[in-house]
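Each chain, written out:
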Amino acid sequence: MKKIVVQKYGGSSLSTIGKVKKIAKKIVARFKEGNQIVVVVSAMGNETNRLLKLAYRISPSPDKRELDMLTSTGEQVSIALLAMAIHILGNEAISFTARHAGILTDGKYTRARLIKIDSQKIEKALNLGKIVIVAGFQGINHHDEVTTLGRGGSDLSAVALAVQLKADLCEIYTDVDGVYTANPKLISEAQRIPRISYDEMSEMAALGAQVMHHRAIDLARKYHLPIIVKSTFGSSKGTMITKEVPMLENVIVRGVTYQKNVARITLQGVKKNTDLACRLFEDLAKENIVIDSIVQDLYNQDTVTVSFIVTEEDFMPSLKITKEIAGKIGVQKIHTDCNLAKVSIVGDSIAKESGIASRMFRALSRAGIHMETINTSRIRISCLIKLSQLDQAVKALHDEFELSKIKKEI
Ligand code: ASP
Ligand code: MG
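Okay, so let's go over this structure. (Residues numbered from 1 in each chain as written. Chains lettered and ligands numbered in written order. Predicted model: local features only at pLDDT ≥ 70, side-chain atom pairs only at ≥ 80, totals over all residues. Heavy atoms only, no water.)

## Structural notes on the site of ligand 1
Contacts to ligand 1 come from Ser42, Ala43, Thr48, Glu75, Phe137, Arg151, Gly152, Gly153 and Ser154. Taking Ser42, its side chain carries an N or O atom lying 3.1 Å from an oxygen atom of ligand 1. Between ligand 1 and Gly153 there is a distance of 3.4 Å, counted from an oxygen atom to a backbone nitrogen or oxygen. Across the complex, the protein chains shield 86% of the 260 Å² of accessible surface that ligand 1 would expose by itself. Classifying every residue of the shell around ligand 1 by side-chain character gives two nonpolar, five polar and two charged. (Near = heavy atom within 4 Å. Polar contact = N/O pair within 3.5 Å; in protein donor to acceptor, adjacent residues only side chain to side chain. Areas by Shrake-Rupley, 256 points an atom, 1.4 Å probe, with all protein chains shown as cover. Nonpolar A, V, L, I, M, F, W, Y, C, P; charged D, E, K, R; others polar.)

Structure below.
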């Protein structure tokens, strides 16, 4: 039986017709090695942003069904163009939207979750010797309506298809040549990480390393699907994402990552024993708002301060909900802070080692950086800091954990 390869090309790899033609050649070469190929594509270049801007010129809160109807068109353009570019090379290819590809989701427009993939049509086309090109990012709900999986969701489409088709590997092609110990645009000594574990990669992606969508990594982990992330047009070996990755004992931190678009909402003077926390976080959850972290502290004898962190994208809707609830139960003051960033160190053994947190805090304070909130998980330590100090913070941590030397260690 032929091997099934699932490849995904991101928007920057498809931003011009010239690039579409180049990709077509790469795909055909892989096909001629004797593989069955399914290609998942994003919209061309900045198309999704362009479409969203059009929508927001009409309304500050466009209807979500219509938003999905709009943004899903980007991927439909790419699949058809790429299929044509393969045809011109004398090969058979067919483009599929999510409806053709049987990608079923729930009904949450703009943030839909995958339910299942009915891949019969894809398999039939593959068995007829065709290269199958699938529109990433989009799905179909139970009412046959178009949904989308959230920004960056075509990674998730690719991984889900690879799992469904029992592919040996999912290849993610992008404009960077792998995952780095820190953003190489910020830290010139940052190193490419040859192998990284699902857990580490998932944390790094959730924390803003823009290489891959964290839901895609979580799905790959669940089914033990190896993923390789590499540059579309470069020659680097990329980064392999797999189960656990051995580290030499003295390498504890795999990478430094950050998230710029975070905002904090603080409610001061909330009466003790009100069910504020329940009501507020219930209402935020109903709107699908993901809370990063919550801190509650005593404010004075009778009241507490509650603060939580959301992404900038969720800030306005979160503030609206917060004000509604605060109005009902009485809160002295609501503070907001949008000029924050979260900087984190990630590594599978962080919790097993002592002294890592103190090294992190010392390195930051030596660089004159004030930590607003600290938050930890099994494999990560994060600090909320001022956005203006972010670059310094990343540099201080990259130096402290000697990540520019990590390549030799793995
Ligand atoms: N085109 C969509 C976006 O820009 C999906 C993706 O690129 O993964 O978010
Ligand atoms: Mg992406």
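Let's pick the thread back up.
## Considerations on the layout of surface pockets
The calculated volume of the second largest pocket comes to roughly 360 Å³. Taken together, 14 residues make up the lining of the second largest pocket; nearest its centre are Leu114, Ile115, Ala160, Leu219 and Tyr223. Secondary-structure elements contributing two or more residues to the lining of the second largest pocket are strand 5 (114-117), helix 6 (154-164) and helix 8 (214-222). Of the residues that constitute the lining of the second largest pocket, the class distribution is eight nonpolar, one polar and five charged. (1 Å grid on protein atoms, 1.4 Å probe; cavity = no way out; pocket = protein on both sides within 12 Å on 5 of 7 lines; lining within 4 Å. Points joined across faces, edges and corners; volume = space filled by probe spheres on them. Helix = DSSP H or I, 4+ residues; strand = E, 2+ residues; numbered from the N terminus.)

## A closer look at unusual backbone geometry
Even without being glycine, Phe137 reaches a positive phi, approximately 75°. Inspection of the secondary structure puts Phe137 in the loop between strand 6 (131-135) and strand 7 (138-140). Positive phi, normally seen in glycine, also occurs at Asp144, with a value near 65°. With respect to the helices and strands, the residue Asp144 is situated in the loop between strand 7 and strand 8 (146-148). Overall, the relative accessible area of 44% leaves Asp144 in the partly exposed class. (Buried < 20%, exposed > 50% of the residue type's maximum accessible area, 1.4 Å probe, protein only.)

## A few points about the nonpolar core
In terms of nonpolar packing, the biggest core is built from 48 residues, with Val6, Ile122, Val134 and Met212 touching the most fellow members. Residues within four places of Met212 in sequence aside, it is in contact with Asp155, Val159, Ile172, Met201, Ala205, Ile217, Ile227, Val229 and Ile241. Ala190, Ile252, Ile350 and Phe401 belong to the second largest nonpolar core, which has 26 residues in total. (Core = buried A, V, L, I, M, F, W, Y, C linked by side-chain atoms within 4.5 Å. Contact = heavy atoms within 4.5 Å.)

## Observations regarding the sheet that holds strand 14 (residues 294-298)
A sheet is described by the order of its strands in space; here six strands give the open sequence 14-15-13-16-18-17, paired in antiparallel fashion. Unpaired on one side and paired on the other, strand 14 and strand 17 (373-377) mark the two borders of the sheet. Averaged over all neighbouring strand pairs, the angle between strand axes comes to 30°, with direction disregarded. Across five bridges, strand 14 lies against strand 15 (residues 303-311) in antiparallel orientation. Within strand 15, the position partnered with Asp297 by the bridge is Thr305. (Pairing = 2+ DSSP bridges. Axes fitted to C-alpha atoms, helices over the stretch in contact; angles between N-to-C directions.)

## Topic: the pattern of salt bridges
Tallied over the full model, the rule gives 23 salt bridges. For Glu372, the salt bridge identified is with Arg264, shortest N-O distance 2.8 Å. Of this pair, Glu372 sits in the loop between helix 11 (356-366) and strand 17 while Arg264 sits in strand 13 (residues 255-271), and the two are 108 residues apart along the sequence. A relative accessible area of 27% means that Glu372 is categorised as partly exposed. Across the pair Lys286 and Asp283 runs a salt bridge, and its minimum N-O distance is 3.5 Å. In this pair, Lys286 and Asp283 both sit in helix 9 (residues 276-286), three residues apart, roughly one turn of the helix. Here Lys286 falls in the exposed class, since its relative accessible area comes to 62%. Each of Asp199, Asp218, Arg221 and Arg378 takes part in a single network of salt bridges with overlapping partners. (Salt bridge = Lys/Arg side-chain N within 4 Å of Asp/Glu carboxyl O.)

## What about the packing of helix 7 (residues 198-206) against helix 8?
How two helices pack is summed up by the angle between their axes together with the distance between the axes. Two numbers describe how helix 7 lies on helix 8: the axes approach to 8 Å, and their chain directions differ by 165°. The pairing of helix 7 with helix 8 is recorded here as roughly antiparallel in orientation. Where helix 7 crosses over helix 8, the handedness of that crossing is left-handed. Across the interface between the two elements, Tyr198, Asp199, Met201, Ser202, Ala205 and Ala206 from helix 7 touch His214, Ile217, Asp218, Ala220 and Arg221 from helix 8. Counted by class, the contact of helix 7 with helix 8 contains six nonpolar, two polar and three charged residues. (Parallel < 35°, antiparallel > 145°, perpendicular 65-115°, else oblique. Left-handed = near helix turned anticlockwise from the far one by under 90°.)

## Quick look at the packing of aromatic side chains
As enumerated under the stated definition, the model contains two aromatic pairs in all. Here Phe281 and Phe308 contribute two aromatic rings whose centre-to-centre distance is 5.4 Å and whose plane-to-plane angle is 85°, an arrangement assigned as edge-to-face. Placement of Phe281 in helix 9 and of Phe308 in strand 15 is noted, with a sequence separation of 27 residues between them. A relative accessible area of 0% places Phe308 in the buried class. Its guanidinium or amino end placed over the ring of Phe233, Lys22 lies 5.0 Å from that ring's centre, counting from NZ or CZ. (Phe/Tyr/Trp six-rings, centres within 6.5 Å; stacked < 30°, edge-to-face > 60°. Lys NZ or Arg CZ within 6 Å of the ring centre and 35° of its normal.)

## Remarks on empty space enclosed by the protein
The tally for this structure, following the rule as stated, stands at one cavity of 30 Å³ or more. In this structure, the largest cavity occupies an estimated 40 Å³ of space. In this structure, the largest cavity is lined by Asp292, Ser293, Ile309, Lys342, Thr373, Ile374, Asn375, Ser382, Cys383 and Leu384. Sorting the residues of the lining of the largest cavity by element identifies strand 17 and strand 18 (380-386) as the ones contributing at least two each. Among the residues making up the lining of the largest cavity, the classes are represented as four nonpolar, four polar and two charged.

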